[in-house]
Amino acid sequence: MNGPSRSVVPPAGLVRSFDFPPVHADVLDNGLRIRSVQVGRLPIVTAMLVLDAGEGLLDGNRAGLAVLTGDCLEGGTAKRTGVELAEALETIGAGLSVGTGWDSTTVSLSCMADRLDDAMGLLAEVILQPAFPDDEVDRIRGQRLAAIHQREMDPVGIATTASRRLTYREGVPYGRPLGGTVESVGPFNADAAAGFVVAQYRPKGSGLVVVGDVDARQVRSLVETHFGEWTGGTGSRPEIDAEPRTRERGIVVVHRADAVQSEIRIGHVGQARSTPQYFALRVVNTVLGGAFTSRLNLNLREEHGFTYGVRSRFLVRRGAGPWCVSTAVGTDVTADAVHEAISEISTLVADGPTEEEVDAARDYLAGVFPLELETTGQIAARIAELLIYDLPDDYYADYRDRIRSVTLEEACEAARACIRPDEMTVVVGGDASEVQGPLEGLEWGPVTVEAAS
Amino acid sequence: MLSIPIERFTLDNGLRVNLSHDATTPVVAVNLWYGVGSRNEREGKTGFAHLFEHMMFQGSEHVPKNRHFELIERAGGSLNATTWFDRTNYFETVPSHHLELALWLESDRMGWMLPAMTQEKLDNQRDVVMNEKRQRYDNQPYGDWDEWIQAMVFPESHPYHHTVIGSMADIEAATLEDVAEFFQTYYVPNNAVLTVCGDFGRDEALDLIQRHFGEIARGEEIPAIPGDQNLDPIIGATVRERVEADVPLPRVLMAYRIPPYTDPGFYAADIAGSVLGTGRASRLYRSLVRERRVAKDVTSFVLPLTSGAGMLLAWATGFPEGDPCEIEDALAAEMEGLSSVTDQEIERAVALTETALVRQIEQVGQRADLVSMFDQLFDDPARLNGELERLRAVTPADVSAFVEGFLGAENRAVLTYVPVTKNTPTPSAP
């Protein structure tokens, strides 16, 4: 091949079709929903139990209760001590992983397919018969308190915690750190964990997702065997009123003496998962800060060299989660970086993305969809999302079509409606003695300085 | 036993090519390992292999700056690269019908990178890399641990003495001539492995690879790694450093020289690392976190390096008022006590590794990376399929012998972080 022909971008080949794998839906008499997908390429299975037991259910006094209860599941069961439980799981190559978020607690494991019966038995034992021995609960509370201490001294933790607190009105769960505070975690004990399990770990409202080298009939039979005795009605689910703290501009510096970088967060209250503009917003966010070639990254990183990277995210939840732009930049360029970020955001909202950008973002989002569905764990997580947000079972069937059908007008409209530059709070975790003056020069509302905890 | 299909070819210019077919999902991974990493850097040039990796994304003769990212993202693909001690890897996963795009982009920068290099791009990426260093090392609690540990475990003459990110003074001093020389020396087909894994047509892929990579000229022989790779198998003493720093909690790190990945003795070390630190039934978690409660978390793993020695690392983070000496004693006791390892513990370690490995190869990108690794390090890509068997063959006696030989006080680097409270007042708002 010679020079000239190299200059031409190679044409795409024949498109291979991709469909989200068929999901088999079922339900036990006790209300537990079952979703299974057979993927037989490798002899592995992921089982993911989704519980309606997120931190968003809790008021501030009990902040961290869902996370701590999840952590304490490793403390043992009615039949096994914590050590025996870990040994039983690991002997079959299965690590139990507990993830607690604002909207759910998920308890999952992966194992080789021929060990699934044992693994499901252990999963059920952990959920249906958890023992919370005081000794283990004390240990886990101590570890959580130490983790909170770590977060309070970590540059990323400091900036993110402050940003969430300054985004929401006091009392909104999303304004506090997910794992709670020293005050709310302090009183946690075994009774609190057991009480939370009784209240929220219930078959109704939960779902068990099983993906891998196993068929729907086997899944049904295994779930019936191990989870059939589970009883209880639906847990509570209060609405979240995600009111903002302010609708005014402002800059808050959280002071860390001699910080070599500034951790920057810019944003305001964003959207709920149920927003009708979900797909348009994904397109808009990709253009702004959701890909390497986004406006923010090309400006702050590839043009100015201010940062290793910058991104923008709509964290969609049952209530309106935050919209947040985040980056870390050199101390000396902090105000310049904030200025560039604000001007990219403002320009995008004022003028909207271009046709070409919308086109590229649609192609990107539709194209990467199958890339994110290679593993049994990835597929299970996608299906869990449907259970958590009450989305229909066939939701992913036309997912790519819905991305591709976002129009330029819809993207412009979503940007205007969901990103409001005049309401943005800027949080800078960094050395106030260096950055305060230059930030004041930006005239982005009042600049306040706080001590880092 | 895994049975990943792998076909291997070598082009006339020396490029090693592996094809591994799997049509589960209509995606394909393109993965390149270049046999160059931080161990190839000479004095005064530390961090250059990584800076160079950044420059590989700044365009090539037929691909303008940012275009590589634009084209792959537009195609619905993902991409990145990483630099490590012994290698630098570049990878894309794309929908299958964009295989040629990924091959064209990778071949253009392998063959035609230099015409696109400018001082402006170099200045920009130096700034980006310096911000990467600040973000990931300087502004991170404990972020400088690898700098300390590598310097303690490997002598100054050894290529693992310095870190991958390198020194900022060296990064500042990098020139376009350095870029050209590095490219011509190391970024040659005879120093690279290309693996294509996923849903593709075999003959078509071979044809495309030949078409895009075939005309790139073979380079010179790769120069010897600078410094002295010969090492005593063990450090020969306990070396320790105590760092008072702005960290939230005390932390003790322990590091040991272990046999290199290319030595059969590595597998006992790997199993030892898992028995110590993988899972909640592992020895360190059970002893330090669950029972003695001197640590809030523990970690242990091995680094499979190839120049003279690898490393086994463990660390434990204490509680606010905790005594680091107590953590150190507990860690040391578990290391030495591991000579009593049981069959059940090895069985668990192998079972966990099996699940982890199968989960890893569920993704074509990860699978391609493993194939490239086994080719580059062992000249045998299919070695991937036997890796579990090599771990399964490890006996308690093997682990005991490893513990006796390597995990004692004569081969130990201890790095202790002690929190110091910075008492600096908040400047008052005017």
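Residues numbered from 1 in each chain as written. Chains lettered and ligands numbered in written order. Predicted model: local features only at pLDDT ≥ 70, side-chain atom pairs only at ≥ 80, totals over all residues.

### Details of the overall build of chain A
Each helix and strand counted, chain A has 17 helices and 12 strands in total. For 453 residues, the compact-globule estimate of 2.2 N^0.38 gives 22 Å, and chain A sits close to it at 24 Å. Along the first, second and third principal axes, the C-alpha atoms of chain A reach 65 × 60 × 40 Å. Looking at chain A as a whole, 55% of its 453 residues are labelled buried. Pairs at least 24 apart in sequence give 82% of the contacts found in chain A among residues at least 6 apart. (Helix = DSSP H or I, 4+ residues; strand = E, 2+ residues; numbered from the N terminus. Rg over C-alpha atoms; globule rule 2.2 N^0.38 Å. Buried ≥ 20, exposed ≤ 12 C-beta atoms within 10 Å, placed from the backbone. Contact = placed C-beta atoms within 7 Å.)

### Considering the overall build of chain B
The number of helices and strands found in chain B is 15 helices and 11 strands. For chain B, whose C-alpha radius of gyration is 23 Å, the value lies close to the compact-globule estimate of 22 Å for 430 residues. Projected onto its principal axes, the C-alpha coordinates of chain B cover approximately 65 × 60 × 45 Å. Buried positions account for 54% of the 430 residues belonging to chain B. At a minimum sequence separation of 6, the contacts of chain B that also span at least 24 residues come to 80%.

### Observations concerning the sheet that holds strand β5 (residues 88-95) of chain B
Picture the strands of a sheet paired through backbone hydrogen bonds; they go either parallel or antiparallel. Residue and element names in this part refer to chain B. The mixed open sheet is built from 6 strands, whose spatial order is β1-β2-β6-β3-β5-β4. Each having just a single partner strand, β1 (7-10) and β4 (78-83) make up the two edges of the open sheet. Here the average twist between neighbouring strands, direction ignored, is 15°. (Pairing = 2+ DSSP bridges. Axes fitted to C-alpha atoms, helices over the stretch in contact; angles between N-to-C directions.)

### Notes on the domain arrangement of chain A
Residue and element names in this part refer to chain A. Here the domain parsing of chain A yields domain 1 (24-227) and domain 2 (250-369 + 408-451). Centre-to-centre separation of domain 1 and domain 2, based on C-alpha positions: 32 Å. At the junction of the two partners, domain 1 supplies 15 residues and domain 2 supplies 18 residues. Of the residues belonging to the side of domain 1 that touches domain 2, the class tally is 9 nonpolar, 4 polar and 2 charged. (Domains from an automatic or database assignment. Nonpolar A, V, L, I, M, F, W, Y, C, P; charged D, E, K, R; others polar.)

### Notes on helix α12 (residues 343-361) of chain B
With 19 residues, α12(B) extends 27 Å between its outermost C-alpha atoms, agreeing within 8% with the 27 Å of an ideal straight helix rising 1.5 Å per residue. For α12(B), the complete set of buried residues consists of Glu345(B), Ile346(B), Arg348(B), Ala349(B), Ala351(B), Leu352(B), Thr355(B), Val358(B) and Ile361(B). Summarising the contacts, the buried residues of α12(B) are in contact with β3 (44-51), α3 (82-91) and β5 (105-112) of chain A together with α9 (266-277), α13 (364-378) and α15 (396-406) of chain B. (Expected span 1.5 Å × (residues − 1).)

### A word on the pairing of strand β8 (residues 251-258) of chain B
Residue and element names in this part refer to chain B. A large share of β8 lies buried, amounting to 8 of its 8 residues. Side chains of β8 alternate between two faces, with Arg-251, Leu-253, Ala-255 and Arg-257 and Val-252, Met-254, Tyr-256 and Ile-258 buried alike. Bridge count for β8 against strand β10 (residues 310-317) is 8 bridges, and the pairing is antiparallel. What sits directly across from Ile-258, in β10, is Gly-310. Note that β8 and strand β11 (residues 411-419) share 5 bridges and pair antiparallel. Pairing of Leu-253 across the sheet is with Leu-415, part of β11.

### Things to note about the interface of chain B and chain A
Taken residue by residue, the interface counts 65 residues in chain B and 74 residues in chain A. Contributing elements (two or more residues each) for the side of chain B that touches chain A: α2 (67-74), β5, α3 (99-111), α4 (119-138), α10 (283-291) and α12 of chain B. Its residues assigned to classes, the side of chain B that touches chain A shows 22 nonpolar, 20 polar and 23 charged.

### Things to note about the nonpolar core
If you look at the biggest cluster of nonpolar residues, it comprises 265 residues, and the most contacted ones within it are Ala119(A), Leu123(A), Val253(A), Val283(A) and Ala272(B). Apart from the residues within four sequence positions on either side, Val283(A) is in contact with Val358(A), Ala361(A), Arg362(A), Leu365(A), Val406(A) and Ala411(A). Tyr168(A), Val172(A), Tyr174(A) and Ala320(A) belong to the second largest nonpolar core, which has 8 residues in total. (Core = buried A, V, L, I, M, F, W, Y, C linked by C-beta atoms within 7 Å.)

### Description of helix α4 (residues 116-128) of chain A
Owing to its 3.6 residues per turn, the α-helix aligns residues three or four sequence positions apart on the same side. Residue and element names in this part refer to chain A. With 13 residues, α4 extends 18 Å between its outermost C-alpha atoms, agreeing within 8% with the 18 Å of an ideal straight helix rising 1.5 Å per residue. Buried residues of α4: Leu-116, Ala-119, Met-120, Leu-122, Leu-123, Ala-124, Val-126 and Ile-127, and no others. Contacts made by the buried residues of α4 are with β3, α3, β5 and α9 (216-227).

### Examining the sheet that holds strand β6 (residues 207-212) of chain A
Taking strand neighbours across the sheet as the criterion, the 6 strands line up as β1-β2-β6-β3-β5-β4 (chain A) in an open arrangement whose pairing is mixed. Looking at the sheet topology across the chains shown, the edges are occupied by β1 (24-27) and β4 (97-100) of chain A. Averaged over all pairs of adjacent strands, the angle between strand axes in this sheet comes to 15°, irrespective of strand direction. The pairing of β3(A) with β6(A) spans 6 bridges and is classified as antiparallel. Each bridged residue has a counterpart across the sheet, and for Val45(A) the counterpart in β6(A) is Gly212(A). The strands touched by α12(B) are β3 and β5 of chain A; relative to β5(A), the strand with the most contacts, the crossing angle is about 100°.

### Things to note about the pairing of β3(A)
Residues and elements named next belong to chain A. Where burial is concerned, most of β3 is hidden: 8 out of the 8 residues are buried. In this sheet, β5 lies alongside β3 in antiparallel orientation, the contact comprising 8 bridges. Bridge pairing in β5 links Leu-51 to Thr-105.

### What about unusual backbone geometry?
Most peptide bonds adopt trans geometry, and most residues besides glycine take a negative phi value. A positive phi angle, near 60°, is found at Asp258(A), a position not held by glycine. Within the element layout of this structure, Asp258(A) appears in the loop between β7 (250-255) and β8 (261-269).

### Comments concerning the domain arrangement of chain B
All names here are of chain B. Assigned domains within chain B: domain 1 (7-213) and domain 2 (237-419). Centre-to-centre, using C-alpha coordinates, domain 1 lies 28 Å away from domain 2. The interface is formed by 32 residues belonging to domain 1 together with 28 residues belonging to domain 2. Looking at the side of domain 1 that touches domain 2 residue by residue, the classes come out as 17 nonpolar, 9 polar and 6 charged.

### Examining the packing of α4(A) against α9(A)
Residues and elements named next belong to chain A. It is at 9 Å that the axes of α4 and α9 come closest, and there the two elements cross at 35°. Classified by chirality, the crossing of α9 by α4 is right-handed. Here α4 contributes Leu-116, Asp-117, Met-120, Gly-121 and Ala-124 to the contact with α9, which in turn contributes Leu-222, His-226 and Phe-227. Residues belonging to the contact of α4 with α9 are distributed by class as follows: 5 nonpolar, 2 polar and 1 charged. (Left-handed = near helix turned anticlockwise from the far one by under 90°.)

### Topic: the confidence of the model for chain B
Per-residue pLDDT for chain B has a mean of 95; in total, 98% of the residues score no lower than 70. The ipTM for the predicted assembly is 0.93, set against a pTM of 0.95. (pLDDT = per-residue confidence, 0-100.)

### With respect to the environment of Thr69(A)
All names here are of chain A. Relative to the elements of secondary structure, Thr-69 occurs in helix α2 (residues 65-72). The class for Thr-69 is buried, based on 27 C-beta atoms found within 10 Å. Each C-alpha atom, one on Thr-69 and one on Val-98, is 9.9 Å from the other, the two residues being 29 residues apart in sequence. Those residues within four positions of Thr-69 in sequence are excluded, and the remaining contacts are Ala-193, Phe-196 and Val-197.

### Describing the environment of Ala174(B)
Residue and element names in this part refer to chain B. Looking at where Ala-174 falls in the secondary structure, it is placed in the loop between α6 (168-172) and α7 (176-186). In this structure the C-alpha to C-alpha distance between Ala-174 and Phe-52, which are 122 residues apart in sequence, comes to 9.8 Å. Among all residues touching Ala-174, those that are not within four sequence positions of it are Phe-48, Leu-51, Leu-122 and Arg-126.

### Focus: the environment of Gly214(B)
Structurally, Gly214(B) can be placed in the loop between α8 (202-213) and β7 (237-245). By C-beta crowding, Gly214(B) is classed as partly exposed, having 15 other C-beta atoms within 10 Å.

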